[in-house]
Amino acid sequence: MTSAPPKPVAEPGAILTARDVWVGVQVGKIIKPIVQGGRLTVPQGGILGLVGESGSGKTQFVRAMMGLSSLEPGVFSGSAIYKIGDQPEVNVLDEVEAYTPFRPPEGDELFPQRMRIGFGWPLWRRRFRKRLDLLRRLGVGFIFQNPTGALNPFLRIGTQLQEAVLVARPNANRKESEEGALHWLDQVHLKADQHTLGLYPHELSGGMAQRVMIALALACEPKFIVADEPTTGLDSHIRLEIVGLLNRIMGQGALSGIVISHDLPMVARLCDRLTVMYRGRVVEEGPIEALGDPESDSHPYTRELKERAEALARGRQKHSKGGVEKTGGTGVVVGKGCIYRSRCAIYRDGLVDKERCNTIQPEMNLIADEHRAACHCEDISDALKQSGGLFGEAASG
């Protein structure tokens, strides 16, 4: 008789601790794992930046931890423990393994395996939704990537804001909820009057819709907030205003949260910790100061992201010396070994054991205080200096 796995526990001082989260989607006859063993830790009062290319699984990872995943089969393993204030711990993914018919791959397996016949996850989703309601009451807010699509097109802005106010203050009367709605409009620098309250979502510009989305999240008076690509689709002027607004809001009090983005300058401005995802896997987590620092052992992919961002800021586009990946530019990779090796300059130049990279998925190893990276190379910084960097001379100028 096999012993039960140890019960997951929250990291000391963390408001959210996620470990070994797997999320899958049905592709033909197989379940493709789009998040593979995802992990992150958000400290109390800290803002975590979750970065990576489009298609790396960032949004689906966080949506799974908030009970918002609509995929089938969706989450089939892992834990996501919230510890908010004096409230008891809440593991949003508690008992998911008992309901899902799938389990994560083991040994030489590449894809999740079916353990039983049947579709147990609709029953679990019912429990999942109750936990999501509990998270809202505990104080968890979400700023969606597409505000126009997230806002209810049939309700005026004022109605939606007043409903959000009532989540935090259920005993408020009509006048108090309206005053609360006007207050939050003012906080996001929108005109706080009856005209604005009477607008429908289709009457808002992109910048106004994003500000209303932020106001809706704040009206619930959250202690933990998630901003999913909050500047996507906005022009440069509005983007700067939204980043400044988020910076002011997230710098107040003991608000904790996650900012999901591939905009590294924005993440560096808003966040104090960083988690990097590549092709469905977390490859690095640590302090924001280590973001691509040449003197730190940052993962080569993190370094690449930073150098590409700097190149784009200078009006140039750099090309990886690792060459074009056989599996395409973005999306999830399922296979043995290090998933980054086809783009890795360290691997290309033979500065690491290639056999290990080809056959063994690197673990998240501690490389400095509160800093982990998934790489077989023992001295990443020195190896990158020996390789001459991540990019070749063919970069267009």
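Draft legend 1. Main features of the layout of surface pockets. Roughly 670 Å³ of volume is contained in the largest pocket. Taken together, 27 residues make up the lining of the largest pocket; nearest its centre are Trp22, Pro105, Arg281, Gln361 and Glu363. Every element with two or more residues in the lining of the largest pocket is listed here: strand 1 (14-27), strand 2 (30-43) and strand 12 (281-287). Per element, the largest residue contribution to the lining of the largest pocket is 5 residues, and it comes from strand 2. Here the lining of the largest pocket is built from residues that sort into 10 nonpolar, 8 polar and 9 charged.

Draft legend 2. Spatial organisation of empty space enclosed by the protein. What the rule picks out here adds up to 1 cavity of 30 Å³ or more. Each pocket or cavity is described by its volume, and for the largest cavity that value is around 90 Å³. Lining the largest cavity are 15 residues, with Cys338, Cys344, Cys357, Cys375 and His376 sitting closest to its centre. Here the lining of the largest cavity is composed, by residue class, of 12 nonpolar, 2 polar and 1 charged.

Draft legend 3. Just the side chain of Ser177, in detail. The residue Ser177 is located in helix 6 (residues 174-187) in this model. In this structure Ser177 touches Gln162, Val165, Leu166 and Ala172, once residues within four positions along its chain are discounted.

Draft legend 4. Focus on the packing of helix 5 (residues 157-168) against helix 6. Viewed as axis vectors pointing N to C, helix 5 and helix 6 meet at an angle of 105°, and their least axial separation amounts to 8 Å. It follows from the interaxial angle that helix 5 and helix 6 lie roughly perpendicular. Listed contacts from helix 6 to Leu161, Gln162, Val165 and Leu166 of helix 5 are Arg174, Ser177, Glu178, Gly180, Ala181, Trp184 and Leu185. The residue makeup of the contact of helix 5 with helix 6, split by class, is 6 nonpolar, 3 polar and 2 charged.

Draft legend 5. The arrangement of the sheet that holds strand 13 (residues 364-368) in detail. Taken together, 8 strands build an open sheet; the order of strands is 8-9-10-3-11-12-14-13 and the sheet is mixed. Strands with a single pairing partner mark the edges of an open sheet, and in this sheet they are strand 8 (140-143) and strand 13. Neighbour to neighbour, the strand axes of the sheet diverge by 20° on average, direction disregarded. Across 2 bridges, strand 12 lies against strand 14 (residues 371-374) in antiparallel orientation.

What counts and what doesn't
- Residues numbered from 1 in each chain as written.
- Predicted model: local features only at pLDDT ≥ 70, side-chain atom pairs only at ≥ 80, totals over all residues.
- Heavy atoms only, no water.
- 1 Å grid on protein atoms, 1.4 Å probe; cavity = no way out; pocket = protein on both sides within 12 Å on 5 of 7 lines; lining within 4 Å.
- Points joined across faces, edges and corners; volume = space filled by probe spheres on them.
- Helix = DSSP H or I, 4+ residues; strand = E, 2+ residues; numbered from the N terminus.
- Nonpolar A, V, L, I, M, F, W, Y, C, P; charged D, E, K, R; others polar.
- Contact = heavy atoms within 4.5 Å.
- Axes fitted to C-alpha atoms, helices over the stretch in contact; angles between N-to-C directions.
- Parallel < 35°, antiparallel > 145°, perpendicular 65-115°, else oblique.
- Pairing = 2+ DSSP bridges.

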